[in-house]
Amino acid sequence: MAPRPALLLASTAAVAVGVLPLLYLAVRAHDAGWERILDEIATARTLTLSLRSVALAGVVTAASVVAGLTAAYLVTRTDLPGRRAFGVLAALPLAVPTYVAAFAWTSTIDGFAGFWAAALVLTLACYPYVYLPVAAALAGADPAAEEVARSLGRGPWQVFVGVTLRLARPALAAGALLVALYVFSDFGAVSLLRVDTFTRAIFTAFSLGFDSTGALVLSTVLVALTALLVGGELATRARGARYARLAGSARPQTRIRLGRWRWSALAASAALAALALGVPAFSLLRWSVAGVSRPGTIAEIGQAAGASLAVAAAGAGLTVLLALPVGLLSARAPGVVATVLDRITYLAHALPGLVIGLSLVYFGINVAYPLYQTVWLLALAYATLFLPLAVGSIASAAGQSPPRLEEVARSLGRGPWAVLRTVTLPLTLPGVGAAAALVFLAGMKELPATLLLRPTGMDTLATQLWTQTAVSAYAAAAPYAALLVALSAIPTWVLAARTGVLERGAA
Amino acid sequence: MRNPRALALAVAGALVLSLATACTDGGDDKALTVYSGRSEKLVKPILEQFTKSTGIKLNVRYGDTAQMAAQLLEEGDKSPASVFLAQDAGALGAVSKKGLFTELPDTVLNKVSAQYRANNKQWVGLTGRARVLTFNPTRAPYQKLPKSVFELTGPLWKNKVAIAPTNASFQSFVTAMRLQHGDDRTRKFLTDLKANGVQIRPNNDAIVNDVHDQKVAAGLVNHYYLFEKSKEVGVAVHLQPARMHFFAPGDVGSLVNVSGIGVLKTSTGEDAVKLVDYLLGADAQTYFANNTYEYPMAPGIPLAEGMPALDTLKGPAIDLNNLDDLAGTVAMLKEVGLA
């Protein structure tokens with residue numbers, strides 16, 4: 001076992017990075033003064049916006065849970081035709097930025113806007129956050145529990161509700177939390193589909209009278225909403241509910257026969273893929289064909305792609321480094337301290353990228369000037385934004401590896417660092433890979449913080465896409481969007497493969 | 001992943017690659033740093049031309065005007081920027097109010113008529129953009145196009161007009177209306193417009209696209225969006241489905257706002273002023289007229305085809321310097337329920 005004090009120290013340092021934006025908000029709120037804060041916050045509009053954000057998050061989360069759980073169940077537990085292909089397809093929408101998806105829908109369907117339109121687009125973009133961990137949990141679970149239930153005469157539905165759902169519950173709750181927080185923070189879809197949410201109001205406040213104080217004060221409300229949500233998810237967790245994947249128990253899952261439902265299940269899976277992937281693909285094709293604007297040279301596109309990969313990789317690397325101690329701490333030393341540290345990383349996760357960006361501008365200017373407008377500060381912004389994505393994956397991977405192995409290694413005379421290097425890290429590695437892939441993906445798609453913090457003169461695929469669409473050059477924008485989605489599909493495939501849905505198993 | 005070792009290797013490889021790339025980044029230290037709230041597509045060619053003709057290298061950072069203004073205010077006197085090139089007078093006013101700009105020399109300021117520059121000499125207009133009504137002849141009553149923007153609250157235009165109330169260009173127009181006609185009349189106009197079934201869009205671009213696609217009959221936008229659309233669809237601006245209509249001279253509907261430039265206190269040397277001077281010179285002003293389809297601010301430059309002369313347009317009789325105070329406008333838009 002790694003030394004607890006060192007782990008605790010490293011975790012605290014990592015969490016401090018996640019807290020940077022909150023400190024910035026505190027500074028700005030202090031500057032504004034109580035009178036101004038009350039003026040901004042204590043309005044009917046704040047209440048309306050909060051309710052709408054919460055309602056949107058609620059609808060999208062519920063729909064994502066249904067879609068994600070159904071997809072995960074179909075590919076891991078049934079004889080769905082083409083289930084391995086669907087196992088990957090179901091994860092791929094993660095590669096499509098919401099601003100691309102929302103634009104695809106509005107330009108395909110007349111008058112596509114409003115609350116339900118945004119709910120649909122966000123659900124199609126977010127359900128993989130539920131699908132991936134649930135599919136991994138179901139594929140990796142010991143089949144014994146379900147087999148026992150079946151042998152005792154339970155029908156498929158009873159087994160699903162009584163056993164399968166319980167196995168998947170921790171993964172389901174973690175995924176649902178990420179979906180809800182994403183919806184809080186999203187600006188791309190809600191601005192294009194014209195839903196007045198809290199985040200949209202924050203963005204608007206920056207341009208309305210160039211009033212950054214008002215915008216930042218509003219952001220504190222978003223942090224409060226997030227705190228409620230994160231606390232709420234914690235409360236739903238069953239005490240000590242951990243389902244270890246024990247070494248040696250990895251047997252193929254028993255698959256139920258769908259029978260006459262087979263083709264409807266296939267149709268539903270195909271429809272989900274068509275809505276989440278087909279619509280954006282169709283729209284990108286139309287952009288390329290309809291316009292006469294042309295993108296930059298191949299070299300320019302290549303440079304943007306290279307920059308995207310580099311900043312996303314730097315962000316993923318830094319985030320994983322920071323997330324590792326926090327994840328190990330919650331898996332190996334669970335308790336109040338670990339829980340609090342873990343939850344704090346979520347607090348800034350629902351803040352819009354613009355606010356995170358400005359907080360790092362403040363940090364860069366006042367504290368870390370040599371890093372200002374370098375890739376490193378941008379990587380730090382990604383770490384701040386996406387830390388919870390990484391912590392979750394690492395903690396669940398570390399939680400599934402038995403602590404006994406580390407204890408044995410220690411008892412055989414290995415030092416703490418040697419154990420960390422030779423036992424803990426290798427066991428946690430799949431989780432580290434998943435964490436890196438998730439953060440990498442999110443970093444590729446991130447726009448507002450990237451615009452504020454990138455080195456002057458550097459263009460990424462996302463910023464180029466923004467540049468081209470800002471002057472209506474959709475045909476020129478299409479290759480950037482297509483490349484962004486195509487490159488993001490690679491880590492998504494890694495994530496899907498990790499869940500185990502690609503493994504051949506008995507039917 | 002079946003092989004964690006391979007994955008770890010891949011991750012490590014990606015990291016090393018990113019490190020290598022990151023270390024080769026970094027701009028030229030001697031170059032002049034420009035924050036541009038104007039799109040790269042529109043200004044990059046003329047900035048490159050500047051470097052070619054003066055030998056002064058530029059480090060240009062592109063972004064959204066309002067967000068860049070927020071960034072500049074956050075950076076304060078430690079800003080790496082020397083020059084701020086902004087989409088609208090409001091953003092320049094906000095930066096000027098925080099005392100971040102330095103005064104421009106009279107030789108530069110005098111190239112532009114007093115109407116289109118700051119009284120405190122801290123920024124100067126580069127190009128003008130007129131507010132226009134875009135309409136689709138198949139859906140709008142095109143034989144009865146309005147002389148005044150106030151006509152849009154009438155039954156003829158019920159459910160036919162789109163606006164972008166969260167967009168700075170619309171807010172400047174409302175601010176101008178308040179300056180010319182007072183708050184009461186402006187509030188009534190906005191209320192009537194809303195009651196007349198006005199359609200809300202996020203920005204000018206969305207309005208032009210929807211008018212082009214017949215999703216809405218007409219909309220209030222800046223004139224050059226129609227030229228951009230015309231370029232994108234490859235149809236002449238007076239033939240494309242989204243047509244352009246100017247309100248009568250002197251009507252607040254034909255407000256001419258400016259994009260402009262200011263030099264930050266953090267800049268050293270003469271290069272920044274040279275850039276401002278160059279952008280007001282004949283080459284740059286002709287470039288703007290032909291490529292961004294805006295009104296040149298320097299006199300004697302030919303306009304893009306189909307554009308009425310700036311002095312025949314006679315925008316409303318207001319002082320552009322007062323457009324930086326958007327607070328009242330924002331409050332009114334919220335009160336009426338349009339923002």
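In this text the structure is predicted, and so the values were computed from the model without any measurement. (Residues numbered from 1 in each chain as written. Chains lettered and ligands numbered in written order. Predicted model: local features only at pLDDT ≥ 70, side-chain atom pairs only at ≥ 80, totals over all residues.)

**Q** Describe the overall build of chain A, naming the residues involved and giving the relevant values.
**A** Summing up its helical and strand segments, chain A has 21 helices and zero strands in all. Compactness check: chain A gives a C-alpha radius of gyration of 23 Å against a globular reference of 23 Å for 507 residues, within 12% of the reference. Once the C-alpha set of chain A is aligned to its principal axes, its extents read approximately 65 × 55 × 50 Å. Within chain A, the fraction of its 507 residues that count as buried is 57%. Across chain A, contacts joining residues at least 24 apart in sequence account for 84% of those joining residues at least 6 apart. (Helix = DSSP H or I, 4+ residues; strand = E, 2+ residues; numbered from the N terminus. Rg over C-alpha atoms; globule rule 2.2 N^0.38 Å. Buried ≥ 20, exposed ≤ 12 C-beta atoms within 10 Å, placed from the backbone. Contact = placed C-beta atoms within 7 Å.)

**Q** I'd like a rundown of the overall build of chain B, residues and numbers included.
**A** Secondary structure summary: chain B contains 12 helices and 10 strands in total. Computed over the C-alpha atoms, the radius of gyration of chain B is 22 Å, within 12% of the 20 Å expected from 2.2 N^0.38 for a compact globule of 339 residues. When burial is assessed residue by residue, chain B has 53% of its 339 residues classed as buried. Counted over contacts in chain B with a minimum sequence separation of 6, partners at least 24 positions apart contribute 76%.

**Q** Can you lay out helix H1 (residues 4–41) of chain A for me, pointing to particular residues and giving the numbers?
**A** All names here are of chain A. A rise of 1.5 Å per residue sets the reference length of H1, with its 38 residues, at 56 Å; its end C-alpha atoms lie only 42 Å apart and thus fall more than 12% short of the reference. In the structure, H1 departs most strongly from a straight axis at Gly-33, where the bend amounts to approximately 105 degrees. Those residues of H1 not exposed but buried are Leu-7, Ser-11, Ala-14, Val-15, Gly-18, Leu-20, Pro-21, Tyr-24, Leu-25, Arg-28 and Glu-40. Where H1 is buried, its residues touch helix H11 (212–236), helix H13 (298–332), helix H14 (336–347), helix H15 (353–366) and helix H16 (375–400). (Expected span 1.5 Å × (residues − 1). Bend = angle between axes of the 7 residues up to and from the residue.)

**Q** Tell me about the environment of Leu-389 of chain A, residues and numbers included.
**A** Within the secondary structure layout, Leu-389 of chain A lies in helix H16. For Leu-389 of chain A, the contacting residues outside a window of four places in its chain are Leu-178, Ala-435, Leu-438, Val-439 and Ala-442 of chain A.

**Q** Tell me about the confidence of the model for chain B, residues and numbers included.
**A** Residues and elements named next belong to chain B. Mean pLDDT over chain B works out to 86, with 91% of the residues at or above the 70 mark. When the criterion is pLDDT under 50, residues 18–27 qualifies, and its contacts beyond four places in sequence or with other chains add up to 18 contacts. Confidence metrics for the complex model read pTM 0.84 and ipTM 0.80. (pLDDT = per-residue confidence, 0-100.)

**Q** Describe unusual backbone geometry, naming the residues involved and giving the relevant values.
**A** One non-glycine residue, Gln-373 of chain A, lies in positive phi territory at about 60 degrees. The residue Gln-214 of chain B is not glycine, and still its phi comes out positive at about 65 degrees. Relative to the helices and strands, Gln-214 of chain B resides in the loop between helix H7 (204–212) and strand S7 (218–222). The exposure class of Gln-214 of chain B is partly exposed, given the 13 C-beta atoms found within 10 Å.

**Q** Break down H14 of chain A for me, with residues and values.
**A** All names here are of chain A. Counted at 1.5 Å a residue, the expected span for H14 with its 12 residues is 16 Å, and the 17 Å between its end C-alpha atoms agrees. Restricting attention to buried positions, one finds in H14 the residues Ala-338, Leu-341, Asp-342, Ile-344, Thr-345, Tyr-346 and Leu-347. Considering only its buried residues, H14 is in contact with H1, helix H8 (156–185), H11, H13 and H16.

**Q** Explain the nonpolar core to me, and be specific about the residues and the numbers.
**A** Within soluble globular proteins, side chains that are nonpolar generally end up buried alongside one another. In this structure, Val-121, Val-134, Ala-323, Ala-390, Ala-435 and Val-439 of chain A together with Val-83 of chain B are the most contacted members of the largest nonpolar core, which totals 281 residues. Ignoring anything within four residues of it in the chain, the contact list for Val-439 of chain A reads Gly-315, Ala-316, Thr-319, Val-320, Tyr-382, Phe-386, Leu-389 and Ala-390 of chain A. (Core = buried A, V, L, I, M, F, W, Y, C linked by C-beta atoms within 7 Å.)

**Q** Tell me about the environment of Thr-204 of chain A, and please be specific about residues and values.
**A** Residues and elements named next belong to chain A. Looking at the secondary structure, you find Thr-204 in helix H10 (residues 198–207). Among the residues examined, Thr-204 registers 23 C-beta atoms within 10 Å and is labelled buried. Taking C-alpha positions, Thr-204 is 19 Å from Leu-38, a pair spaced 166 residues apart along the chain.

**Q** Report on the pairing of strand S4 (residues 124–135) of chain B, specifying residues and quantitative values.
**A** Residues and elements named next belong to chain B. Here S4 lies mainly inside the structure; 12 of its 12 residues are buried. Two strands pair when backbone bridges link them, and S4 and strand S9 (residues 256–263) are joined in this way by six bridges, in the antiparallel orientation. Residue pairing in the sheet places Arg-129 in a bridge with Asn-257 of S9. Pairing between S4 and strand S10 (residues 295–296): two bridges, direction antiparallel. Among the inter-strand pairings, Thr-127 is bridged to a residue of S10, identified as Pro-296. In the sheet, S4 pairs with S7 via five bridges, with the strands oriented antiparallel. (Pairing = 2+ DSSP bridges.)

**Q** Describe the packing of helix H17 (residues 404–411) of chain A against helix H18 (residues 416–445) of chain A, listing the residues and the values that go with them.
**A** Residue and element names in this part refer to chain A. Two elements in contact, H17 and H18, have axes separated by 10 Å at closest approach and are oriented at 170 degrees. As judged from the angle between their axes, H17 and H18 are roughly antiparallel. Considering the relative orientation of H17 and H18, their crossing is right-handed. From H17, Leu-405, Glu-406, Ala-409 and Arg-410 reach across to H18, where they touch Val-419, Val-423, Thr-424 and Leu-427. In the contact of H17 with H18, the residues fall into five nonpolar, one polar and two charged. (Axes fitted to C-alpha atoms, helices over the stretch in contact; angles between N-to-C directions. Parallel < 35°, antiparallel > 145°, perpendicular 65-115°, else oblique. Left-handed = near helix turned anticlockwise from the far one by under 90°. Nonpolar A, V, L, I, M, F, W, Y, C, P; charged D, E, K, R; others polar.)

**Q** Give me the lowdown on the environment of Ala-144 of chain A, citing residues and values where you can.
**A** Here Ala-144 of chain A lies in helix H7 (residues 144–151). Distance from Ala-144 of chain A to Gln-253 of chain A, taken between C-alpha atoms, is 9.1 Å for residues 109 residues apart in sequence.

**Q** Outline the packing of H7 of chain A against H8 of chain A, listing residues and values.
**A** Residues and elements named next belong to chain A. Here H7 crosses H8 at 170 degrees, and the two axes come no closer than 10 Å. In terms of orientation, H7 and H8 fall into the roughly antiparallel class. For the pair H7 and H8, contact is made by Ala-145, Glu-146, Ala-149 and Arg-150 and by Val-159, Gly-162, Val-163, Thr-164 and Leu-167, respectively. Considered class by class, the residues forming the contact of H7 with H8 number five nonpolar, two polar and two charged.

**Q** Can you break down the pairing of S9 of chain B residue by residue, with the values?
**A** All names here are of chain B. Counted residue by residue, S9 has eight buried out of eight residues, so it is predominantly covered. Covered by surrounding structure in S9 are Val-256, Val-258, Gly-260 and Gly-262 together with Asn-257, Ser-259, Ile-261 and Val-263, the residues of both alternating faces. As defined by bridge partners, strand S3 (residues 83–86) adjoins S9 across four bridges and the pair is classed as antiparallel. Across the sheet, the residue bridging to Val-83 is Val-263, located in S9.

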